[in-house]
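Here is what each chain is made of, one letter per residue.
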Amino acid sequence: MSDAGAYSGRVVVGGPPAVRELSHVVVRKLAVGPMANNAYLLTCRTTHAQLLVDPAAEPDALLGLVRQGSGAGTLGRVVVTHRHADHLGALADLVAVTGAPIAAGAPDADAIAAAVRLPVATRLHDGDAFDVGHVRVGVVGLRGHTPGSVALFLRDEGRVHLFTGDSLFPGGVGKTAGPTEFTTLLNDVTQRLFDRFGDDTWVYPGHGDDTTLGAERPHLDAWRARGW
């Protein structure tokens, strides 16, 4: 199954989710909260197992998204891409209803656990992988925006689908605290994403519209030169 031409990746707060129907997984993207964060629900088409990425805000809207993916409203795991508060505002409420375990990058896990007063069940590291039903999801560590930021990727219909949190956007990498963190983040993004994956890799960021690695690749040198 292909959704060529049907999915734009453009969503607005208060609007409906954008739904991408792939061969093995359905991707649902919803904008929530005052900072227009993107939350993503991945549903295995075979088993209906589900993963939610970045429960940023509006828990009722996110629970509705989960129920769209599965009539039973089941959720197997929640991944928080990094420890910033705007990416976990609905986490405690969502876990209270669903019982889904939390996963996050190991260096950010303690801060996330303290913020929501819940344990982080799985501490993710660069190179890890886990299954959502029959869908294999890989983990990429991207240091710099926060020490424990992670991206997730899966392969479907011959291309990589990459969920980058706040580490990579259309037009640049995420915000960093200073030149050292910026260099670390750009190096990780270059070596662990651009050097690894092809131009048709679809990028689902933590805010705003989607992009591809091919659209962003020509600008890497300019990003390094400008320093942000």
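See the structure printed just above.
Residues numbered from 1 in each chain as written. Predicted model: local features only at pLDDT ≥ 70, side-chain atom pairs only at ≥ 80, totals over all residues. Heavy atoms only, no water.

**Focus: the overall build of the protein**
- Per the secondary structure count, the protein includes six helices and 15 strands.
- Its C-alpha atoms give the protein a radius of gyration of 16 Å, within 12% of the compact-globule value 17 Å for 228 residues.
- Across its three principal axes, the protein shows a C-alpha extent of roughly 50 × 40 × 30 Å.
- Relative to its full complement of 228 residues, the protein shows a buried share of 54%.
- Long-range contacts, defined here as pairs at least 24 residues apart, represent 54% of the contacts in the protein between residues at least 6 apart.
- A total of about 9,500 Å² of accessible surface is found on the protein, and carbon and sulfur atoms cover 53% of it.
- Looking at the protein, you have 20 positive and 24 negative side-chain charges, and the mean spots of the two groups are 2 Å apart. (Helix = DSSP H or I, 4+ residues; strand = E, 2+ residues; numbered from the N terminus. Rg over C-alpha atoms; globule rule 2.2 N^0.38 Å. Buried < 20%, exposed > 50% of the residue type's maximum accessible area, 1.4 Å probe, protein only. Contact = heavy atoms within 4.5 Å. Areas by Shrake-Rupley, 256 points an atom, 1.4 Å probe, with all protein chains shown as cover. Lys, Arg positive; Asp, Glu negative; His and termini not counted. Charge placed at Lys NZ, Arg CZ, Asp CG, Glu CD.)

**As for the pattern of salt bridges**
- Counted according to the given criterion, the structure contains ten salt bridges.
- With a shortest N-O distance of 3.0 Å, D131 and R136 are connected by a salt bridge.
- D188 is the partner of R143 in a salt bridge, and the nearest nitrogen-oxygen pair spans 2.8 Å. Of this pair, R143 sits in the loop between β9 (135-141) and β10 (150-156) while D188 sits in helix α4 (residues 179-194), and the two are 45 residues apart along the sequence.
- Shared partners join several salt bridges into a network, and the residues in it are D126, R143, D188 and R192. (Salt bridge = Lys/Arg side-chain N within 4 Å of Asp/Glu carboxyl O.)

**Thoughts on the environment of V132**
- Within the element layout of this structure, V132 appears in strand β8 (residues 129-132).
- Judged by relative accessible area, V132 falls into the buried class, the value being 6%.
- The sequence separation of V132 and L51 amounts to 81 residues, and the corresponding C-alpha distance is 6.7 Å.
- Apart from residues no more than four positions distant in its own chain, V132 is found in contact with L42, C44, A49, Q50, L51 and V137.

**Description of the environment of L185**
- Tracing the backbone through its elements, the reader meets L185 in helix α4.
- The class for L185 is buried, based on a relative accessible area of 0%.
- Considering only alpha carbons, one finds L185 and S167, 18 residues apart in sequence, at a separation of 7.4 Å.
- With sequence-adjacent residues up to four places away left out, L185 is seen in contact with L142, R143, G144, H145, S167, V173, G174 and T176.

**Here's the deal with the sheet that holds β9**
- Spatial strand order, β8-β9-β10-β11-β14-β15: six strands in an open sheet with mixed pairing. Edge strands, defined here as strands with exactly one partner in the open sheet, are β8 and β15 (211-212).
- With four bridges connecting them, strand β11 (residues 159-165) and strand β14 (residues 202-205) associate as parallel partners. Opposite G165, over in β14, you have P205 as the bridge partner.
- On top of the sheet, α4 reaches β9 and β11; it is set at about 150 degrees to β9, its chief contact. (Pairing = 2+ DSSP bridges. Axes fitted to C-alpha atoms, helices over the stretch in contact; angles between N-to-C directions.)

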